[in-house]
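For reference, the chains in residue letters:
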Amino acid sequence: MRSMIDPMQPAEGSIAEPLEALIALKERGLLRHIDLSNVTAQQIAEAQEMTPIACVQNMYNVANRNNDAWIDSLAAQGIAWVPFFPLGGFSPLQSTQLNAVAQSLDATPMQVALAWLLQRAPNILLIPGTSSPHHLRENMASLQLTLPADALAKLNAIAAPAV
Ligand SMILES: NC(=O)c1ccc[n+]([C@@H]2O[C@H](COP(=O)([O-])OP(=O)(O)OC[C@H]3O[C@@H](n4cnc5c(N)ncnc54)[C@H](OP(=O)(O)O)[C@@H]3O)[C@@H](O)[C@H]2O)c1
(Lines give C-alpha, C1' and ligand atoms only; values in the text may rest on other atoms or scores of the structure.)
Protein backbone atom coordinates (compact mmCIF):
# COMPACT_ATOMS: atom_id res chain seq x y z
CA MET A 1 0.00 0.00 0.00
CA ARG A 2 1.38 3.43 -0.90
CA SER A 3 2.28 5.63 2.06
CA MET A 4 0.26 8.84 2.53
CA ILE A 5 3.15 10.52 4.34
CA ASP A 6 4.48 13.58 2.52
CA PRO A 7 8.19 13.96 3.38
CA MET A 8 7.99 17.67 2.58
CA GLN A 9 5.31 18.28 5.22
CA PRO A 10 5.95 17.91 8.94
CA ALA A 11 4.36 15.01 10.81
CA GLU A 12 2.98 15.59 14.30
CA GLY A 13 4.64 13.89 17.24
CA SER A 14 6.97 14.71 20.10
CA ILE A 15 10.50 15.79 19.16
CA ALA A 16 11.70 15.72 22.77
CA GLU A 17 13.97 12.70 22.38
CA PRO A 18 16.10 13.95 19.45
CA LEU A 19 16.08 17.43 20.94
CA GLU A 20 17.47 16.11 24.23
CA ALA A 21 20.40 14.70 22.29
CA LEU A 22 21.05 18.09 20.67
CA ILE A 23 20.75 19.89 24.01
CA ALA A 24 23.35 17.51 25.46
CA LEU A 25 25.71 18.34 22.57
CA LYS A 26 25.13 22.05 23.13
CA GLU A 27 25.85 21.70 26.84
CA ARG A 28 29.17 20.06 25.92
CA GLY A 29 30.01 23.08 23.74
CA LEU A 30 29.74 21.11 20.51
CA LEU A 31 26.81 23.16 19.17
CA ARG A 32 26.31 26.90 19.35
CA HIS A 33 22.65 27.03 18.25
CA ILE A 34 19.80 24.58 17.80
CA ASP A 35 17.53 24.90 14.76
CA LEU A 36 14.43 23.00 13.71
CA SER A 37 13.33 21.86 10.26
CA ASN A 38 10.06 20.55 8.87
CA VAL A 39 8.22 21.01 12.14
CA THR A 40 4.70 21.80 13.27
CA ALA A 41 3.63 24.69 15.49
CA GLN A 42 3.22 22.25 18.37
CA GLN A 43 6.74 20.95 17.88
CA ILE A 44 8.16 24.49 17.90
CA ALA A 45 6.31 25.18 21.14
CA GLU A 46 7.52 21.90 22.65
CA ALA A 47 11.11 22.70 21.66
CA GLN A 48 10.95 26.22 23.07
CA GLU A 49 9.91 24.77 26.43
CA MET A 50 13.18 22.83 26.39
CA THR A 51 15.79 25.12 24.85
CA PRO A 52 16.23 28.34 22.83
CA ILE A 53 15.63 27.84 19.10
CA ALA A 54 17.62 30.02 16.69
CA CYS A 55 15.98 29.19 13.38
CA VAL A 56 13.09 27.28 11.83
CA GLN A 57 13.26 25.84 8.30
CA ASN A 58 9.98 24.79 6.69
CA MET A 59 8.59 24.82 3.16
CA TYR A 60 7.34 28.27 2.19
CA ASN A 61 7.17 30.41 -0.93
CA VAL A 62 4.89 32.88 -2.69
CA ALA A 63 2.58 30.05 -3.81
CA ASN A 64 2.75 27.88 -0.68
CA ARG A 65 1.91 29.91 2.36
CA ASN A 66 1.34 27.25 4.98
CA ASN A 67 2.92 28.44 8.22
CA ASP A 68 2.29 32.05 7.21
CA ALA A 69 1.10 33.11 10.65
CA TRP A 70 4.17 31.76 12.42
CA ILE A 71 6.62 33.90 10.50
CA ASP A 72 5.62 37.12 12.20
CA SER A 73 5.53 35.46 15.60
CA LEU A 74 9.03 34.05 15.09
CA ALA A 75 10.24 37.45 13.81
CA ALA A 76 8.97 39.08 17.00
CA GLN A 77 11.03 36.54 18.98
CA GLY A 78 14.18 37.14 16.91
CA ILE A 79 14.05 33.64 15.41
CA ALA A 80 15.07 33.25 11.77
CA TRP A 81 12.69 31.71 9.23
CA VAL A 82 14.48 29.85 6.45
CA PRO A 83 12.01 28.77 3.78
CA PHE A 84 13.00 25.64 1.94
CA PHE A 85 11.84 25.33 -1.67
CA PRO A 86 11.77 29.16 -1.98
CA LEU A 87 11.47 28.69 -5.75
CA GLY A 88 9.14 25.70 -5.60
CA GLY A 89 11.82 23.01 -5.30
CA PHE A 90 11.11 19.98 -7.49
CA SER A 91 8.12 21.81 -9.03
CA PRO A 92 9.51 25.26 -9.89
CA LEU A 93 7.03 28.09 -9.39
CA GLN A 94 4.74 28.76 -12.33
CA SER A 95 2.25 31.60 -12.10
CA THR A 96 0.81 34.06 -14.56
CA GLN A 97 0.75 36.74 -11.83
CA LEU A 98 4.41 36.11 -11.05
CA ASN A 99 5.28 36.33 -14.74
CA ALA A 100 3.29 39.55 -15.18
CA VAL A 101 4.95 41.24 -12.20
CA ALA A 102 8.38 40.09 -13.38
CA GLN A 103 7.76 41.51 -16.84
CA SER A 104 6.60 44.84 -15.40
CA LEU A 105 9.78 45.12 -13.32
CA ASP A 106 12.18 43.88 -16.01
CA ALA A 107 13.13 40.97 -13.74
CA THR A 108 12.76 37.20 -13.90
CA PRO A 109 9.89 35.38 -12.14
CA MET A 110 12.38 33.66 -9.81
CA GLN A 111 13.94 37.00 -8.88
CA VAL A 112 10.50 38.33 -8.04
CA ALA A 113 9.73 35.22 -5.96
CA LEU A 114 12.93 35.75 -3.95
CA ALA A 115 12.34 39.50 -3.58
CA TRP A 116 8.82 38.74 -2.32
CA LEU A 117 10.26 36.51 0.40
CA LEU A 118 12.81 39.14 1.42
CA GLN A 119 10.05 41.74 1.71
CA ARG A 120 7.69 39.33 3.47
CA ALA A 121 9.44 39.53 6.85
CA PRO A 122 12.75 40.73 8.32
CA ASN A 123 13.63 37.30 9.75
CA ILE A 124 13.60 35.48 6.38
CA LEU A 125 16.95 34.05 5.23
CA LEU A 126 17.10 32.70 1.68
CA ILE A 127 18.62 29.39 0.58
CA PRO A 128 17.62 29.01 -3.10
CA GLY A 129 19.36 26.07 -4.72
CA THR A 130 20.88 26.18 -8.18
CA SER A 131 23.33 24.25 -10.31
CA SER A 132 23.76 27.26 -12.62
CA PRO A 133 26.21 30.15 -12.13
CA HIS A 134 23.89 32.28 -14.28
CA HIS A 135 20.94 31.56 -11.98
CA LEU A 136 23.14 32.19 -8.94
CA ARG A 137 23.94 35.68 -10.27
CA GLU A 138 20.27 36.30 -11.02
CA ASN A 139 19.31 35.15 -7.54
CA MET A 140 21.91 37.39 -5.91
CA ALA A 141 20.58 40.34 -7.93
CA SER A 142 17.13 39.83 -6.40
CA LEU A 143 18.59 41.50 -3.29
CA GLN A 144 18.46 44.78 -5.23
CA LEU A 145 14.86 44.32 -6.35
CA THR A 146 12.27 46.33 -4.43
CA LEU A 147 8.68 45.34 -5.10
CA PRO A 148 6.24 48.26 -5.24
CA ALA A 149 2.89 48.04 -3.43
CA ASP A 150 0.87 47.15 -6.54
CA ALA A 151 3.25 44.30 -7.36
CA LEU A 152 3.09 43.03 -3.77
CA ALA A 153 -0.71 43.06 -3.91
CA LYS A 154 -0.68 40.92 -7.07
CA LEU A 155 1.84 38.50 -5.56
CA ASN A 156 -0.04 38.27 -2.27
CA ALA A 157 -3.10 37.19 -4.25
CA ILE A 158 -1.33 34.11 -5.67
CA ALA A 159 -1.92 32.05 -2.53
CA ALA A 160 -4.08 32.71 0.47
CA PRO A 161 -2.12 32.84 3.72
CA ALA A 162 -2.87 29.78 5.84
CA VAL A 163 -4.61 30.54 9.12
N1 LIG B 1 14.84 21.15 5.52
C2 LIG B 1 14.28 20.39 4.57
O3 LIG B 1 13.55 19.45 4.86
C4 LIG B 1 14.54 20.71 3.15
C5 LIG B 1 13.77 20.12 2.14
C6 LIG B 1 14.03 20.46 0.82
C7 LIG B 1 15.05 21.35 0.50
N8 LIG B 1 15.80 21.88 1.50
C9 LIG B 1 16.87 22.86 1.18
O10 LIG B 1 16.28 24.03 0.64
C11 LIG B 1 17.20 24.65 -0.27
C12 LIG B 1 16.48 24.95 -1.57
O13 LIG B 1 15.90 23.77 -2.07
P14 LIG B 1 15.88 23.42 -3.60
O15 LIG B 1 17.14 23.87 -4.24
O16 LIG B 1 15.50 21.99 -3.68
O17 LIG B 1 14.63 24.27 -4.12
P18 LIG B 1 14.46 25.74 -4.72
O19 LIG B 1 15.58 26.62 -4.29
O20 LIG B 1 13.07 26.16 -4.44
O21 LIG B 1 14.49 25.47 -6.30
C22 LIG B 1 15.62 25.03 -6.97
C23 LIG B 1 15.19 24.90 -8.41
O24 LIG B 1 15.02 26.23 -8.94
C25 LIG B 1 15.85 26.37 -10.07
N26 LIG B 1 16.38 27.74 -10.06
C27 LIG B 1 17.18 28.31 -9.14
N28 LIG B 1 17.43 29.59 -9.43
C29 LIG B 1 16.76 29.83 -10.59
C30 LIG B 1 16.64 30.95 -11.43
N31 LIG B 1 17.23 32.12 -11.14
N32 LIG B 1 15.88 30.86 -12.55
C33 LIG B 1 15.26 29.69 -12.86
N34 LIG B 1 15.34 28.59 -12.10
C35 LIG B 1 16.09 28.65 -10.98
C36 LIG B 1 16.94 25.35 -9.96
O37 LIG B 1 17.36 24.95 -11.23
P38 LIG B 1 18.87 25.25 -11.75
O39 LIG B 1 19.76 24.30 -11.02
O40 LIG B 1 18.77 25.02 -13.20
O41 LIG B 1 19.17 26.69 -11.40
C42 LIG B 1 16.22 24.20 -9.25
O43 LIG B 1 15.52 23.41 -10.19
C44 LIG B 1 18.36 23.67 -0.42
O45 LIG B 1 19.43 24.15 0.38
C46 LIG B 1 17.83 22.36 0.12
O47 LIG B 1 18.84 21.57 0.69
C48 LIG B 1 15.56 21.61 2.82
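Preceding this section is the structure that the text describes.
Everything quoted here is computed from the prediction, not taken from an experiment. All residue numbers here refer to positions counted from 1 along the written sequence of the relevant chain. Reporting of local features is limited, given that this is a predicted model, to residues whose pLDDT is at least 70; pairs of side-chain atoms are given and counted only at 80 or more, and all residues count toward the totals for whole chains, interfaces and linings. The side-chain numbers reported here are obtained from all heavy atoms of the structure, hydrogens and water having been left aside.

(A) Looking closely at the sheet that holds strand β1 (residues 35-37). Spatially, the three strands line up as an open sheet ordered β1-β2-β3, and their pairing is parallel. Each end of this open sheet is capped by a strand with a single partner; those strands are β1 and β3 (80-81). Any two strands with at least two DSSP-identified bridges between them are counted as paired. Comment: elements are numbered from the N terminus, with helices defined as DSSP H or I runs of at least four residues and strands as E runs of at least two. Judged from the two bridges that link them, strand β2 (residues 55-57) and β3 form a sheet pairing that is parallel. Looking across to β3, one finds that V56 is bridged to W81.

(B) Inspection of the site of the ligand at higher detail. Here, proximity means that at least one heavy atom of the residue falls within 4 Å of the molecule or strand. Around the ligand, a shell composed of 18 residues is seen, among which S37, L87, T130, S131 and H135 lie nearest. In this description, accessible areas are obtained by the Shrake-Rupley approach with a 1.4 Å probe, and a residue is regarded as covered only by the protein chains that are shown. The fraction of the free accessible surface of the ligand (910 Å²) that becomes covered by protein chains is 68%.

(C) Expanded view of the environment of H134. Secondary-structure assignment places H134 in helix α6 (residues 133-141). H134 sits in the partly exposed class, given a relative accessible area of 47%. Separated by 45 residues in the primary sequence, H134 and G89 have C-alpha atoms spaced 18 Å apart. Exposed residues in this analysis have more than 50% of their type's maximum accessible area, buried residues have under 20%, and partly exposed residues fall in between, with area computed by a 1.4 Å probe over protein chains only.

(D) The side chain of N123, seen in detail. Tracing the chain through its elements places N123 in the loop between α5 (109-120) and α6. Whether two residues touch is decided by their heavy atoms; if any such pair falls within 4.5 Å, the residues are in contact. With residues near it in sequence (within four places) discarded, N123 still touches I71, L74, A75, I79, A80 and W81.

(E) Representation of the side chain of S95 in the model. As for its placement among the helices and strands, S95 is situated in the loop between β3 and α4 (96-104). The buried category is assigned to S95, whose relative accessible area is 13%. Any pair of nitrogen or oxygen atoms within 3.5 Å is treated as a polar contact; in protein, a donor-acceptor pairing is required on top of that, and neighbouring residues in sequence qualify only through side-chain atoms on both sides. Here the side chain of S95 touches Q97 through a polar contact of 3.2 Å, landing on its backbone nitrogen.

(F) Molecular detail of the nonpolar core. The biggest cluster of nonpolar side chains holds 35 residues, and the ones touching the most others in it are L36, V56, W81, V112 and L155. When contributions to this core are tallied by element, the ones reaching two or more residues are α1 (16-27), α2 (41-50), α3 (68-76), α4, α5 and α7 (149-156). A total of six residues in this core trace back to one element, the largest contributor, which is α5. Residues within four places of L36 in sequence aside, it is in contact with I15, L19, Q43, I44, A47, I53, C55, V56 and Q57. Residues belong to one nonpolar core when they are buried, are Ala, Val, Leu, Ile, Met, Phe, Trp, Tyr or Cys, and are joined through side-chain atoms within 4.5 Å.

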